[in-house]
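# Structural overview for review
The primary structure of each chain is shown beneath.
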Amino acid sequence: MKKEDTVKLISAEGFEFVIDKEAAMVSQTIRNMLTSPGSFAETQHGEVTFPEISTTILEKICQYFYWSLQYARGKETEFHIEPELTLELMMAANYLHT
């Protein structure tokens, strides 16, 4: 896979998730960051840092992006969310418009 086909999402702790750009585009916020005209660092480097989102939550978000793509293609499966992650995950989802 080519570098331009992937996006690097960086958590508050500095952990890096390299995911398919198509998956990242599930988030309207990330889509806007990566496709906005101008010389934004996110657009140029294909990476987005989330200083307010923990590694655990960002990992779950990345899993959701891939699940959402599969769901849109007709593969209906459950997406399990651990109860202890619910509040943080809802706040991050609200920010990311997912």
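Here the structure is shown first, and the text comes after it.
Residues numbered from 1 in each chain as written. Predicted model: local features only at pLDDT ≥ 70, side-chain atom pairs only at ≥ 80, totals over all residues. Heavy atoms only, no water.

A few words now on the overall build of the chain. A count of helical and extended segments in the chain gives five helices and three strands. In the chain, the order of α-helices and β-strands from amino to carboxyl end is β-β-α-α-α-β-α-α. Referenced to the eigenvectors of the C-alpha coordinate spread, the extents of the chain come out at roughly 40 × 30 × 20 Å. Across the 98 residues of the chain, 35% fall into the buried class. When contacts within the chain are restricted to residue pairs at least 6 apart in sequence, those whose partners lie at least 24 apart make up 61%. Carbon and sulfur atoms form 54% of the exposed surface of the chain, whose accessible area is close to 6,400 Å². Charge centroids of the chain, computed over 8 positive and 15 negative side chains, lie 9 Å from each other. (Helix = DSSP H or I, 4+ residues; strand = E, 2+ residues; numbered from the N terminus. Buried < 20%, exposed > 50% of the residue type's maximum accessible area, 1.4 Å probe, protein only. Contact = heavy atoms within 4.5 Å. Areas by Shrake-Rupley, 256 points an atom, 1.4 Å probe, with all protein chains shown as cover. Lys, Arg positive; Asp, Glu negative; His and termini not counted. Charge placed at Lys NZ, Arg CZ, Asp CG, Glu CD.)

Time to look at the sheet that holds strand β1 (residues 6-10). With respect to topology, three strands assemble into an open sheet ordered β2-β1-β3, the strand pairing being mixed. On the outer flanks of this sheet lie β2 (16-20) and β3 (47-49), each paired with one strand and no other. The mean inter-strand angle of the sheet, taken between neighbouring strand axes irrespective of direction, is 20°. The strands touched by helix α4 (residues 55-72) are β1 and β2; relative to β2, the strand with the most contacts, the crossing angle is about 5°. (Pairing = 2+ DSSP bridges. Axes fitted to C-alpha atoms, helices over the stretch in contact; angles between N-to-C directions.)

Let us look at the layout of surface pockets. Empty space within the second largest pocket amounts to approximately 160 Å³. In terms of lining, the second largest pocket is formed by E52, I53, S54, I57, E88, M91, A92 and Y95. Its residues assigned to classes, the lining of the second largest pocket comprises five nonpolar, one polar and two charged. (1 Å grid on protein atoms, 1.4 Å probe; cavity = no way out; pocket = protein on both sides within 12 Å on 5 of 7 lines; lining within 4 Å. Points joined across faces, edges and corners; volume = space filled by probe spheres on them. Nonpolar A, V, L, I, M, F, W, Y, C, P; charged D, E, K, R; others polar.)

Of the positions making up helix α2 (residues 28-35), those classed as buried are T29, I30, M33 and L34. The buried side chains of α2 occupy one side of the element, clustering within an arc of 125° when seen end-on. Along its buried surface, α2 packs onto β1, α1 (21-24), α3 (41-45), β3, α4 and α5 (86-96). At the N-terminal end of α2, a side-chain oxygen is found 3.3 Å from the backbone nitrogen of T29, two or three residues along, and the residue is S27. (Arc of directions from axis to C-beta. Polar contact = N/O pair within 3.5 Å; in protein donor to acceptor, adjacent residues only side chain to side chain.)

As a further point, take the pattern of salt bridges. Across all of its chains, the model carries four salt bridges by this definition. With a shortest N-O distance of 3.4 Å, K8 and E16 are connected by a salt bridge. The exposure class assigned to E16 is partly exposed, which follows from its relative accessible area of 43%. One salt bridge in this structure joins E82 and K60, with 3.5 Å as the shortest N-O distance. In this pair, E82 is assigned in the loop between α4 and α5 and K60 in helix α4, connecting sequence segments 22 residues apart. Residue classification places K60 among the buried residues on the basis of a relative accessible area of 9%. Here the salt bridges share partners, and the residues they tie into one network are K8, E16 and E47. (Salt bridge = Lys/Arg side-chain N within 4 Å of Asp/Glu carboxyl O.)

The values reported here are purely geometric and, on their own, carry no functional implication.
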